[in-house]
Amino acid sequence: AAAHLAAEQEVENLSGLSPNPEKDIFVVRENRTTCLMAEFAAKFIVPYDVWASNYVDLITEQADIPLSRGAEMKGKCGTNESELELSWLDQAYTLKLSFLKEGHNTSRGPEASWRLSRIQFTYDTSERTYFKDAVSPGKHTASSHRLSALVTPAGRSYECQAQQTISLVSSDHQKSVQLLLSEVRLQPFDIPADFVFSEEHKCPVDQREQLEETLPLILGLILGLVIVVTLGIYHIHHKLTASQVQIPRDRSQYKHMG
């Protein structure tokens, strides 16, 4: 049964298809149908302790760890819960994203939405690519607390080009690890067709930037319309006024003119 289940599930790292070397693309398929798709660029900012030059005091350094394009992946799809797990550099780093779909009552009636409900990032400070001379090197786990991020109406995908920062609390003396996400397009539920995202739900930052881009154009169009209407009213008024001037028919009235 386990072998049969494994055969029915496929996971694909399609990051090589992205023209952006910092952006990764992951797809989970079950029963030959896409059930989770994720595209994003991700980087972790991880503080860690090193010895000062006197070898007595501790100072804090910072590791910038990008998500590797060659990441291994696992996925799990469900009706109300889905999960994406990525690991890289011989599993020195592992990122697990958990998603939850739930219903709620609104003034418009019952509605459903999905959200990113949990993030867990495991890292090894003995790994030498990003950590240099860490004190007491070893594995640590940074997790989110009561997370409700990327909230999206059910049946739609989430899209956000702007960078978002999510804070995680590490088991390494409660240090704060920052996850930087950008160029995100994500859908963990209700994908309509193979490799096809549903209609996007843009994040508030993207909506605001789009409004800032289109607002000058809208104001320009309104101003142009006001000018055209004003000129039209002036022209009509001028014609009406001109038509009210009467030329005297009796020559005797000319002496009263001028």
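Residues numbered from 1 in each chain as written. Predicted model: local features only at pLDDT ≥ 70, side-chain atom pairs only at ≥ 80, totals over all residues. Heavy atoms only, no water.

Draft legend 1. Representation of empty space enclosed by the protein. One pass over the structure, following the stated rule, counts one cavity of 30 Å³ or more. Taken as a whole, the largest cavity encloses approximately 30 Å³ of empty space. Lining the largest cavity we find Phe40, Leu97, Phe99, Leu116, Leu150, Leu181, Val184 and Leu186. At the level of elements, β7 (93-106) and β13 (176-187) are the ones that each hand at least two residues to the lining of the largest cavity. Looking at the lining of the largest cavity element by element, the count peaks at three residues for β13. Looking at side-chain class alone, the lining of the largest cavity contains eight nonpolar, no polar and no charged residues. (1 Å grid on protein atoms, 1.4 Å probe; cavity = no way out; pocket = protein on both sides within 12 Å on 5 of 7 lines; lining within 4 Å. Points joined across faces, edges and corners; volume = space filled by probe spheres on them. Helix = DSSP H or I, 4+ residues; strand = E, 2+ residues; numbered from the N terminus. Nonpolar A, V, L, I, M, F, W, Y, C, P; charged D, E, K, R; others polar.)

Draft legend 2. Representation of the pattern of salt bridges. A complete count under the given rule lists 13 salt bridges for this structure. For Asp190, the salt bridge is made with Lys101, and the minimal N-O distance between the two is 3.1 Å. Of the two residues, Asp190 is situated in the loop between β13 and β14 (200-202) and Lys101 in strand β7; the sequence distance between them amounts to 89 residues. Classification of Asp190 by relative accessible area gives partly exposed; the value is 40%. Judged by relative accessible area, which is 15%, Lys101 ranks as buried. With a shortest N-O distance of 3.8 Å, Asp172 and Lys175 are connected by a salt bridge. (Salt bridge = Lys/Arg side-chain N within 4 Å of Asp/Glu carboxyl O. Buried < 20%, exposed > 50% of the residue type's maximum accessible area, 1.4 Å probe, protein only.)

Draft legend 3. Structural detail: the side chain of Ser82. Note that Ser82 resides in strand β6 (residues 81-88). Classification of Ser82 by relative accessible area gives buried; the value is 3%. Of the polar contacts made by the side chain of Ser82, one reaches the backbone oxygen of Pro188; its length is 3.0 Å. (Polar contact = N/O pair within 3.5 Å; in protein donor to acceptor, adjacent residues only side chain to side chain.)

Draft legend 4. Layout of the state of the cysteines. One pass over the structure, following the stated rule, counts two disulfides. If the cysteines joined by disulfides in the protein chain are listed in sequence order, their pairing comes out as 1-2, 3-4. (Disulfide = S-S within 2.5 Å.)

Draft legend 5. Broad picture of unusual backbone geometry. Residues other than glycine seldom take positive phi values, yet Leu89 does so here, at roughly 50 degrees. For Leu89, the location among the structural elements is in the loop between β6 and β7. The backbone of Arg146 shows a phi angle near 50 degrees, a positive value even though the residue is not glycine. Note on placement: Arg146 falls in the loop between β9 (139-143) and β10 (149-153).

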